[in-house]
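# Structural characterization, general
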Amino acid sequence: MTSISYNRTDVFISYSHKDVQYLERLKTHFAFDERKGSLSVWEDTRLSPGSPWRVEIEQAIKKTRIAILLVSADFLASKFIAETELPPLLAAAKTEGAIIIPVIGSQATWRFYPSRRRQSAMPY
């Protein structure tokens, strides 16, 4: 059962650094609400050089109400995203009502692995 945690208030954007152009475009859409103070968006360009960046990312994830995943081949290939960012975000969605929104940034290889192959299934 999922319960909504009201301690989670922010938007967290997870992306591959190779997809910074998609991040910049997405941030434009949030700019008005951020300026009004009705929304707080966090992404890693807010990190200061020399800061304890892992700790800051963990803290940002703990405050995440909505996680936007900018999905691309580079996003899917990122070990850091897969092992550090996604597990706590998915756990928060499952147990605390955080919302995960995937946004397709660019083409990625998507594979469907059915439990058994059918005649009509596309070849891999």
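Predicted model only: the values in this text are computed from it and were never measured.

Okay, the pairing of strand E3 (residues 64-71) next. Burial of E3 is extensive: six of the eight residues sit out of reach of the surface. Across five bridges, strand E1 (residues 10-14) lies against E3 in parallel orientation. Looking at the pairing, Ser14 lines up with Leu69 of E3. In this structure, E3 lies alongside strand E4 (residues 99-104), joined through six bridges in parallel fashion. Considered in E4, the bridge of Ile68 is made with Ile101.

Another aspect to go through is helix H1 (residues 20-36). Taking 1.5 Å per residue as the helical rise, H1 with its 17 residues ought to reach 24 Å, and the 24 Å between its terminal C-alpha atoms agrees with that figure. At Phe30, H1 shows its maximal bend, which comes to roughly 50 degrees. Along H1, the residues classified as buried are Leu23, Leu26 and Phe30. In the core, the buried residues of H1 are packed alongside E1, strand E2 (41-42) and E3. Note on H1: the residue one or two positions beyond its end, Gly37, has a positive phi of about 85 degrees.

Conventions adopted
Residues numbered from 1 in each chain as written. Predicted model: local features only at pLDDT ≥ 70, side-chain atom pairs only at ≥ 80, totals over all residues. Heavy atoms only, no water. Buried < 20%, exposed > 50% of the residue type's maximum accessible area, 1.4 Å probe, protein only. Helix = DSSP H or I, 4+ residues; strand = E, 2+ residues; numbered from the N terminus. Pairing = 2+ DSSP bridges. Expected span 1.5 Å × (residues − 1). Bend = angle between axes of the 7 residues up to and from the residue. Contact = heavy atoms within 4.5 Å.

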